[in-house]
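Next come the chains, spelled out residue by residue.
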Amino acid sequence: MLPSLSPSVAPSLMPSLSPSVILSTLPSQAPSIPPTKIIPFDGVAGGQFGRGIAVLGSTLVIGAALDGPGAAYVYDTSGNQLHKLRGSDAIATGEFGYDVAMSATQIVVGSRVGNAAYLFDVATGTQQIKLVSPQRSGTGNNYGEAVAIDGSIIFVGDRSHNFNDVGQDTVHIFDTA
């Protein structure tokens, strides 16, 4: 378990951040750039393809939370499919692929109804580990609704609809090193 972390800078010393919008326009002579359209060759209509998206370098991961038990597709930025990821034990309505994140070597896929997050190898698409909440069991608890990764550290969001529940509205931090 990781120790508690406190901010290293007192809030009163933090710079003031106010929202701003920067608008820029292309010159009227700018060339038209057609978009690349990515469609899963075996996706399900209404599968929420694009529910979660992560890009790093030339690799793209796209979640499809309602594609059967859910899926995450791995592409190169030219649109070539490299892998289709599914959790080894993803439940039928687990919304695997609700959120995705990636590092140079690993992909994290959240399954918010399945109450889990899964770690995969980017190069092979092989599942490495399943991350579960130490405070929850069953399904439908929103654990895995949001995921992030930084090196070997994985973050899994755990938003609860029942505010009297143990472990309400938390982020779980796992060190896989």
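## Observations regarding the confidence of the model for the protein chain
So, step 1. For the protein chain, per-residue confidence averages 77 on the pLDDT scale, and 69% of positions sit at 70 or higher.
So, step 2. With pLDDT under 50 throughout, residues 1-20 is counted as low confidence; its partners more than four residues away or in other chains account for three contacts.

## Observations regarding the sheet that holds strand S3 (residues 71-76)
So, step 1. Across the sheet, four strands lie side by side as S1-S2-S3-S4; this open sheet has antiparallel pairing. Two strands lie at the open edges of the sheet, namely strand S1 (49-56) and strand S4 (81-85), each paired on one side alone. The sheet shows a mean angle of 20° between the axes of neighbouring strands, taken without regard to direction.
So, step 2. Note that strand S2 (residues 59-64) and S3 share six bridges and pair antiparallel. Bridge pairing in S3 links glycine 63 to alanine 72.

## Focus: the pattern of salt bridges
So, step 1. In total, this model carries five salt bridges according to the counting rule given.
So, step 2. Taking the shortest distance from any N to any O, the salt bridge between lysine 130 and aspartate 89 comes out at 2.6 Å. Here lysine 130 is found in strand S8 (residues 127-131), whereas its partner aspartate 89 is found in the loop between S4 and strand S5 (96-102), with 41 residues between them in sequence.
So, step 3. Residue class for lysine 130 comes out partly exposed when judged on its relative accessible area of 32%.
So, step 4. Take aspartate 89: its relative accessible area is 38%, and that puts it in the partly exposed class.
So, step 5. Its salt-bridge partner being arginine 112, residue glutamate 145 comes within 3.5 Å of it at the nearest N-O pair. Remark: arginine 112 occurs in the loop between strand S6 (106-111) and strand S7 (116-121) and glutamate 145 occurs in strand S9 (residues 143-150); sequence separation between them is 33 residues.
So, step 6. Overall, the relative accessible area of 18% leaves arginine 112 in the buried class.
So, step 7. A cluster of three or more residues bridged by salt bridges with shared partners is formed by Asp67, Lys84 and Arg86.

## Some thoughts on the side chain of histidine 172
So, step 1. Considering the arrangement of structural elements, one finds histidine 172 in strand S11 (residues 170-175).
So, step 2. Polar contacts involving the side chain of histidine 172 include one to the side chain of threonine 170, which spans 3.3 Å.

## What about the nonpolar core?
So, step 1. If you look at the biggest cluster of nonpolar residues, it comprises 14 residues, and the most contacted ones within it are Val61, Ala72, Leu85, Phe96, Ile107, Val109 and Phe120.
So, step 2. If we ignore the near neighbours within four places in the chain, the residues touching valine 109 are Ala72, Leu85, Phe96, Gly97, Asp99, Val100, Ala116, Ala117, Tyr118 and Phe120.

## Regarding the packing of aromatic side chains
So, step 1. Applying the stated criterion to the full structure yields five aromatic pairs.
So, step 2. Here phenylalanine 49 and tyrosine 73 contribute two aromatic rings whose centre-to-centre distance is 5.5 Å and whose plane-to-plane angle is 70°, an arrangement assigned as edge-to-face. Of the two residues, phenylalanine 49 sits in strand S1 while tyrosine 73 sits in strand S3, which places them 24 residues apart along the sequence.
So, step 3. When its relative accessible area of 28% is taken as the criterion, phenylalanine 49 is described as partly exposed.
So, step 4. Among the residues examined, tyrosine 73 registers a relative accessible area of 0% and is labelled buried.

## Notes on the environment of glycine 87
So, step 1. Inspection of the secondary structure assignment puts glycine 87 in the loop between S4 and S5.
So, step 2. Residue classification places glycine 87 among the buried positions, given a relative accessible area of 11%.

## Examining the environment of valine 74
So, step 1. Mapped onto the secondary structure, valine 74 falls in strand S3.
So, step 2. Along the primary structure valine 74 and alanine 54 are separated by 20 residues, whereas in three dimensions their C-alpha atoms are 9.6 Å apart.
So, step 3. Apart from residues no more than four positions distant in its own chain, valine 74 is found in contact with Thr59, Leu60, Val61, Asn80, Gln81, Leu82, His83, Leu85 and Ile107.

The rules behind the values
- Residues numbered from 1 in each chain as written.
- Predicted model: local features only at pLDDT ≥ 70, side-chain atom pairs only at ≥ 80, totals over all residues.
- Heavy atoms only, no water.
- pLDDT = per-residue confidence, 0-100.
- Contact = heavy atoms within 4.5 Å.
- Pairing = 2+ DSSP bridges.
- Helix = DSSP H or I, 4+ residues; strand = E, 2+ residues; numbered from the N terminus.
- Axes fitted to C-alpha atoms, helices over the stretch in contact; angles between N-to-C directions.
- Salt bridge = Lys/Arg side-chain N within 4 Å of Asp/Glu carboxyl O.
- Buried < 20%, exposed > 50% of the residue type's maximum accessible area, 1.4 Å probe, protein only.
- Polar contact = N/O pair within 3.5 Å; in protein donor to acceptor, adjacent residues only side chain to side chain.
- Core = buried A, V, L, I, M, F, W, Y, C linked by side-chain atoms within 4.5 Å.
- Phe/Tyr/Trp six-rings, centres within 6.5 Å; stacked < 30°, edge-to-face > 60°.

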